[in-house]
Amino acid sequence: MIEVRALKKAFGKIVAVDDVSLIASDGLVTGLLGPNGAGKSTTLRIIYGLLVQDTGTATVDGIDIQAQRLEAQKRMGVLPDSHGLYSRLTAREHIHYFGDLHGLSKDAVVARSDELIRLLDMQGIADRRTEGFSLGERMKVCLARAMIHQPQNILLDEPTNGLDVMTTRTVREIIGELKMQGIAVLFSSHLMHEVSRLCDQIVIIVDGRVAATGTTDEIRAAAGDENLEDAFVKLVERV
Amino acid sequence: MHAIAVVLAKEFKDGRRDRRALMSAFLFPLLAPVLVYFLLTTIIELRGSDEATTIPVVGAEHAPGLVQWLQERHVVIEEFSGDPQQAVRDQDVELVLIIPEDYQHRLKDFESVPLALVQDGSRTDARQSVSTVRDLLRSFNNEIASLRLVARGVSPQLMQVIAVQDQDVASRQERTATALNFIPLYIILAAFVSGMGLAVDTTAGERERKSLEPLLLNPVHRHHIVLGKWLAASIFSAFGMLLTLLLCILAMLQVPLDEIGMDFSITWQQVLLMFLGMAPLALLASSLQMLLGMFAKSFKDAQSYIGLLNFLPVLPMFYTMFNPVATQDWMFALPIFGQHILLVSVLGGKTVPVIAYFLSASTSLLISIAVALATAKFMERESILAN
């Protein structure tokens, strides 16, 4: 479970996150929705420990991320918005590298990566160097290496950005699968239909502040609009 | 600590697969023996050629006195037959001295004897020989003229208003030493060249291909990541440098150095001590390259900064070239400079106190650790992720 309270973060004079609070519970999919530049990525980066907030708290399974970064990072699997790979390593070597960095045993790394390769349907590319991989193939490698340590919490920063239909489907299936396993999934997106389809809970962020929180129905009710997209636009304009 | 080994193993594997970086890293050491061999054989040839001057002479039999005088000055007189002008024009010989038949006769009558020196003024490579011969003839002339004045009771010094004395500062030994300055430079440069690809790829490269953020998401201390990368780059650097050192030593043992009055020999213990004294230079070079690599915004940026770093090994060479100072023990403690004088001394056949090897090693090691820690500190900054 991820808990964020009254988060604030400024870069110089620019306030990226002004006041964000949210909870991503186990077994639920939480969507972070907002226009470009609303502070979604900054919020996620604070949660996964690469940025330090100015004020507010962020915890993962009750562990304070700022105080115990490494402990917190062990409990998170993250797909950040950088999807860089090492062109001279194979897909499998990427997954092993991250497993080793997490300090997993050799057997565990091998067994778990085999499982992920099967789950993500990567058998054909697992032992090829990643140079020349398609965007979808790269995304699969990134997903697999993020989940090698079987984290209880998964954070995905715009996971379907630029993906083809088939890979987008795979990602959606995986999110559904993770939810079934009781994992807390938090993902950001600016795509309305995706969020409404996958999420149990939506947090709408505009200009670094939470504009609305709740289920799809609750959001629609709050905006007084039956269409979620219209509701979103209304909420954004209201801020 | 486990993470250091994991990062090291990955970067090492990645580096080994980078054919282009590998090529440029190891072409450098492999060229070392070729360079050393040509440098030293050239010196030996130069040295050999100015030992004996040979003068092709037409009509040597007409001037036995002059011939004998020249021979006493280690000049080899070669009987020349054929067309002197044509031979010089064809570059068969550099010059020809023509002695007239009436040489003795004119000498006796105190007449001036015309000696023709056939030469090609456009040939710069022959200039040295021509001027040597001209100087010799001039001093022969002065000697005879002085004797004539003395015979008449006049002091020859009346003829000498001034006396120019050439004092060539560069002795032959020193010329050799200057050449020997280049070999240490090459060896030290190898440390900077061999690990560079990996040092840049694991820092600026990691940022540029956007793989730094995913890497930093792992529950690993930043300084462990930096240490792993640093050690990987240092292994490449050390391997390249020590290979260069070894190949240079082997090449020097092949060249007949005794012909230029140098005796070079080295024991296995000395080689091992050299390795010990030199190895931390690899750590130092890699740590500096990584710090700049982290600082740079892109791979290209990093390469231009790091290219400037390669001037560091050149500095001690220039310094010692223009300020020849007596080596003192504390100087071995200066990073890069210490290794430079260590190499100059050992390759020059001097014995160096064992402490010098340890001094060279320890200061470079300490500084490199400080630089690596600074790199790790730099990596802690949030702005490291900004593009």
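1. Concerning the overall build of chain B
Point 1. Counting its secondary structure elements, chain B contains 16 helices and 4 strands.
Point 2. Its C-alpha radius of gyration of 31 Å places chain B more than 25% over the 21 Å reference for a compact globule of 387 residues.
Point 3. For chain B, the C-alpha atoms occupy an extent of roughly 105 × 45 × 40 Å along the three principal directions.
Point 4. Every one of the 387 residues in chain B was classed for burial, and the buried ones make up 45%.
Point 5. Relative to all contacts within chain B whose residues are 6 or more apart in sequence, the contacts with residues 24 or more apart total 75%.
Point 6. Here chain B holds 29 positive side-chain charges and 36 negative ones, and the gap between their average locations is 13 Å.

2. A look at the overall build of chain A
Point 1. The helix and strand inventory of chain A stands at 9 helices and 10 strands.
Point 2. The C-alpha radius of gyration of chain A comes to 18 Å, within 12% of the 18 Å expected for a compact globule of 239 residues.
Point 3. Dimensions of chain A along its principal axes, counting C-alpha atoms only, are 50 × 40 × 35 Å.
Point 4. The buried share of chain A, taken over its 239 residues, is 54%.
Point 5. A fraction of 68% describes how many contacts in chain A between residues 6 or more apart in sequence connect residues 24 or more apart.

3. Quick look at a nonpolar patch on the surface
Point 1. Among the surface-exposed residues, Leu-27, Leu-31, Val-34, Tyr-37 and Phe-38 of chain B lie close enough to one another that they form a single nonpolar patch of about 490 Å² accessible area.
Point 2. Take Leu-27 of chain B: its relative accessible area is 46%, and that puts it in the partly exposed class.

4. A word on the packing of helix H11 (residues 222–254) of chain B against helix H12 (residues 268–295) of chain B
Residue and element names in this part refer to chain B.
Point 1. Between H11 and H12, whose axes approach to 8 Å, the crossing angle comes to 135°. When the axis of H11 is compared with that of H12, the two are oblique. You can see that H11 and H12 cross each other, and the crossing is right-handed.
Point 2. Its residues assigned to classes, the contact of H11 with H12 comprises 19 nonpolar, 4 polar and 1 charged.

5. Description of the confidence of the model for chain B
One rule of thumb: low pLDDT means the predicted coordinates there are not for detailed reading.
Point 1. Summary statistics for chain B give a mean pLDDT of 85 and a share of 93% for residues scoring 70 or more.
Point 2. Two summary scores accompany this predicted model of the complex, namely pTM at 0.79 and ipTM at 0.93.

6. Some thoughts on the packing of aromatic side chains
Any pair of aromatic rings gets described here by the distance separating the centres and the angle formed by the planes.
Residue and element names in this part refer to chain B.
Point 1. Applying the stated criterion across every chain yields a total of 10 aromatic pairs over all chains.
Point 2. Relative to Phe-378, the ring of Phe-295 lies with its centre 5.6 Å away and its plane at 45°, an arrangement referred to as tilted. Here Phe-378 lies in helix H16 (residues 354–380) and Phe-295 lies in helix H12, a separation of 83 residues in the sequence.
Point 3. Its relative accessible area of 17% is what places Phe-378 among the buried residues.
Point 4. Considering the side-chain rings of Tyr-319 and Phe-337, the 6.0 Å spacing of their centres and the 70° angle between planes classify their relative orientation as edge-to-face. Here Tyr-319 is found in helix H14 (residues 314–322), whereas its partner Phe-337 is found in helix H15 (residues 337–347), with 18 residues between them in sequence.
Point 5. Given the relative accessible area of 43%, Tyr-319 is considered partly exposed.
Point 6. Classification of Phe-337 as buried rests on a relative accessible area of 12%.

7. Thoughts on the pattern of salt bridges
Point 1. As enumerated under the stated definition, the model contains 30 salt bridges over all chains in all.
Point 2. A salt bridge links Arg-5 of chain A to Glu-3 of chain A; its shortest N-O distance comes to 2.7 Å.

8. Focus: the sheet that holds strand E4 (residues 116–119) of chain B
Residues and elements named next belong to chain B.
Point 1. Taken in spatial order, the 4 strands of this open sheet run E2-E1-E3-E4, and their pairing is mixed. Bordering the open sheet on either side are strand E2 (75–79) and E4, each of which pairs with just one other strand. Ignoring strand direction, the axes of neighbouring strands in this sheet form an average angle of 30°.
Point 2. By the bridge criterion, 5 bridges tie strand E1 (residues 53–58) to E2 in an arrangement that is parallel. When the sheet's bridge partners are listed, Thr-53 is paired in E2 with Val-75.
Point 3. Running over the sheet, helix H3 (residues 64–72) touches E1 and E2 and is turned about 135° from E2.

9. Notes on the nonpolar core
Point 1. In this structure, Ile-47, Met-122 and Leu-155 of chain A are the most contacted members of the largest nonpolar core, which totals 102 residues.
Point 2. Looking at this core, the element that brings in the most residues is H11 of chain B, giving 6 residues.
Point 3. With near-sequence residues (within four places) excluded, Ile-47 of chain A lies in contact with Ile-2, Val-4, Ile-65, Met-76, Leu-155 and Leu-186 of chain A.
Point 4. Counting residues in hydrophobic clusters, the runner-up holds 52 residues, among them Ile-183, Leu-284, Ala-285 and Ile-336 of chain B.

10. Quick word on helix H8 (residues 216–223) of chain A
Residue and element names in this part refer to chain A.
Point 1. Looking at H8, one finds that the buried residues are Thr-216, Ile-219 and Ala-223. An end-on view of H8 places all buried positions within 65° of arc, on one side of the element. Every exposed residue of H8 that faces more than 90 degrees away from the buried side is listed here: Asp-217 and Ala-221.
Point 2. Where H8 is buried, its residues meet helix H7 (192–198), strand E9 (201–206), strand E10 (209–214) and helix H9 (228–238).
Point 3. One or two residues past the end of H8 sits Gly-224, with phi positive at roughly 70°.

11. A short note on the environment of Met-294 of chain B
All names here are of chain B.
Point 1. Summarising the element assignment, Met-294 is placed in helix H12.
Point 2. The spacing of Met-294 and His-340 is 46 residues in sequence and 28 Å in space, taken between C-alpha atoms.
Point 3. If we ignore the near neighbours within four places in the chain, the residues touching Met-294 are Thr-203, Arg-207, Thr-375, Phe-378, Met-379 and Ile-384.

Here is what the cut-offs are and how they apply
Residues numbered from 1 in each chain as written. Chains lettered and ligands numbered in written order. Predicted model: local features only at pLDDT ≥ 70, side-chain atom pairs only at ≥ 80, totals over all residues. Heavy atoms only, no water. Helix = DSSP H or I, 4+ residues; strand = E, 2+ residues; numbered from the N terminus. Rg over C-alpha atoms; globule rule 2.2 N^0.38 Å. Buried < 20%, exposed > 50% of the residue type's maximum accessible area, 1.4 Å probe, protein only. Contact = heavy atoms within 4.5 Å. Lys, Arg positive; Asp, Glu negative; His and termini not counted. Charge placed at Lys NZ, Arg CZ, Asp CG, Glu CD. Patch = residues over 30% accessible without salt bridge, like charges linked within 9 Å, V, L, I, M, F, W, Y side chains within 5 Å. Areas by Shrake-Rupley, 256 points an atom, 1.4 Å probe, with all protein chains shown as cover. Salt bridge = Lys/Arg side-chain N within 4 Å of Asp/Glu carboxyl O. Axes fitted to C-alpha atoms, helices over the stretch in contact; angles between N-to-C directions. Parallel < 35°, antiparallel > 145°, perpendicular 65-115°, else oblique. Left-handed = near helix turned anticlockwise from the far one by under 90°. Nonpolar A, V, L, I, M, F, W, Y, C, P; charged D, E, K, R; others polar. pLDDT = per-residue confidence, 0-100. Phe/Tyr/Trp six-rings, centres within 6.5 Å; stacked < 30°, edge-to-face > 60°. Pairing = 2+ DSSP bridges. Core = buried A, V, L, I, M, F, W, Y, C linked by side-chain atoms within 4.5 Å. Arc of directions from axis to C-beta.

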